[in-house]
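# Notes for the structure review
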Amino acid sequence: MMAEVGKISGTDGRKGQSIPSVWGTYRGQPVVIIEDMGTSAIQLASSITGFEATRQKLREPILQRRIISKRIFKEKEKILATYSERLGQGQQSRQYKETYADLSRQQYKPEYGEEENQDAFRDALLYKVAENFGEVTEQDNILEYAIATNNLERETMETEIIQVKKMIEFFASPSRNTINVGFANTERMKWNDKLMILGEHLKTNAALKIQLLRAQELLRKTHKQEIRDGYNLIPKAAAVLNQHYGSESTPSALSFAVAYRDEVLTMKSPLDVFEVFIRRQEKKRENFRPYIDSMIALFGVDMTSSNPSRSKEELHSVRDGLFRIEICGQIYDSVGTLGQDIRRLFSKAATFGKPINHLKG
């Protein structure tokens, strides 16, 4: 169905010029098209309706844009999820990002560019990781995350370098590409500058990766067994907490696994473990019964798993130690109950002024 149109002319109040207009109906709807070749469509709409075009986004020049595709963004988020969930630390993903940003900033410090300062560079990375994560398994895990993210960033820069080289090649042949020679030379210089900057960033990225690997090597050399036990036990501890207490609290799972590793698996004497608990109990006011029950539950999961943390002989020894610790706890609770009963009894006697003759002898 064709529109029924007619033409009229009006006057532009600003310039006194005639404005050709089209009017009529199309499918029963009124049609008015105003043409003004002197202004853009957005400006014209603003002048007619009072609409201000505040949502226009100015695009950066292509030389200043970073090549961050959706694929790369998703890859970064995938890496973050992999390593933060590895120890059940999904809620700490922001801290993972911030820690990697801190590590990345270290590579731009001029003092670390010299060969004699490479050990200081490595130690600075270890210090920053330890500052944000207190347990050695966490520290190893954040270094793993940093290395994986560093690899992805290097791949991104290498892709960007390939694209920049293509732009340089394009502007190097102005006649073939029908470009003004002066303009082509200017653009080629700009792209060469960007290529040089990317090359410098690639060097610092490579230097950071070397030191991240050195930091991880030193950490694993110093805390080999602790890190191995951490990766083994933290998921088991989380499963025990989820099964027996109905919640999978990340900090609790971590501290639970660390206590089992550092107090139970390495115990030389059951009395030493119990003494450690008593000292901690004075500060945290923990109850012994939940402590020993949770340790026995984790021991059971550890011993029956496909990857037990120790040999069968060592775990049998641990089981016997846990049994003795449990007896110590029962005696401790009995003595505590008896002490409370005695204090209550003396309190009543003092209240009523009666001698406690049956306690004599």
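Each value, and the rule that gives it
- Numbering of residues starts from 1 in each chain and follows the order in which that chain's sequence is written.
- Whole-chain, interface and lining totals are the exception, using all residues; otherwise, since this is a predicted model, local features are given only for residues with pLDDT of at least 70 and side-chain atom pairs are given and counted only at 80 or more.
- To get the side-chain values, all heavy atoms of the structure are used, and hydrogens and water are removed first.
- Note on terminology: a nonpolar core comprises buried Ala, Val, Leu, Ile, Met, Phe, Trp, Tyr and Cys residues joined through side-chain atoms within 4.5 Å.
- Relative accessibility thresholds used throughout: buried, under 20% of the residue-type maximum; exposed, over 50%; partly exposed, between the two (1.4 Å probe, protein chains only).
- Secondary structure counts use DSSP, requiring at least four H or I residues in a row for a helix and at least two E residues in a row for a strand, with both numbered from the N terminus.
- By definition, residues are in contact when any of their heavy atoms lie within 4.5 Å.
- Confidence scores labelled pLDDT are given residue by residue by the predictor and lie between 0 and 100.
- Angular values range over 0 to 180 degrees, each being the angle between N-to-C directions of two axes fitted as lines to C-alpha atoms, with helices fitted over their stretch in contact.
- An angle counts as roughly parallel when it lies under 35 degrees, as roughly antiparallel when it exceeds 145, as roughly perpendicular when it falls between 65 and 115, and as oblique in every other case.
- Crossings are classed by handedness, with left-handed meaning an anticlockwise turn of the near helix from the far one by less than a right angle and right-handed meaning a clockwise turn.
- The nonpolar class holds Ala, Val, Leu, Ile, Met, Phe, Trp, Tyr, Cys and Pro. Asp, Glu, Lys and Arg form the charged class, and all remaining residues, Gly among them, are polar.

### Re the nonpolar core
Counting 32 residues, the largest nonpolar core has Phe256, Tyr260, Phe288, Met295, Val318, Leu322 and Ile325 as the members making the most contacts within it. Elements with a minimum of two residues in this core: helix H7 (224–245), helix H8 (250–265), helix H9 (270–284), helix H10 (288–304) and helix H11 (312–352). In contact with valine 318, not counting residues within four places along its chain, are Val264, Leu265, Met267 and Phe299. In this structure, Ile72, Tyr96, Tyr100 and Ala148 belong to the second largest nonpolar core, which totals 27 residues.

### Describing unusual backbone geometry
One non-glycine residue, threonine 178, adopts positive backbone phi at about 50°. Residue position: threonine 178 is located in the loop between helix H5 (136–171) and helix H6 (181–222).

### Remarks on the confidence of the model for the chain
On average, residues of the chain score 79 in pLDDT, and 70% of them are at 70 or above. Below a pLDDT of 50 lies the segment residues 1–20, which in the model reaches 36 contacts outside its immediate sequence neighbourhood of four places, other chains included. Counting interchain partners and residues more than four positions distant, the pLDDT-below-50 stretch residues 48–56 has 7 contacts.

### Describing the packing of helix H4 (residues 118–132) against H5
Packing of H4 against H5 brings their axes to within 9 Å, and their N-to-C directions diverge by 120°. Comparing the axis directions of H4 and H5 gives the class oblique. H5 is crossed by H4, and the crossing has right-handed handedness. Contact with H4, carried on its side by Leu126, Val129 and Ala130, involves Gln139, Ile142 and Leu143 of H5 and no other residues of that element. Class assignment of the residues belonging to the contact of H4 with H5 gives a composition of 5 nonpolar, 1 polar and no charged.

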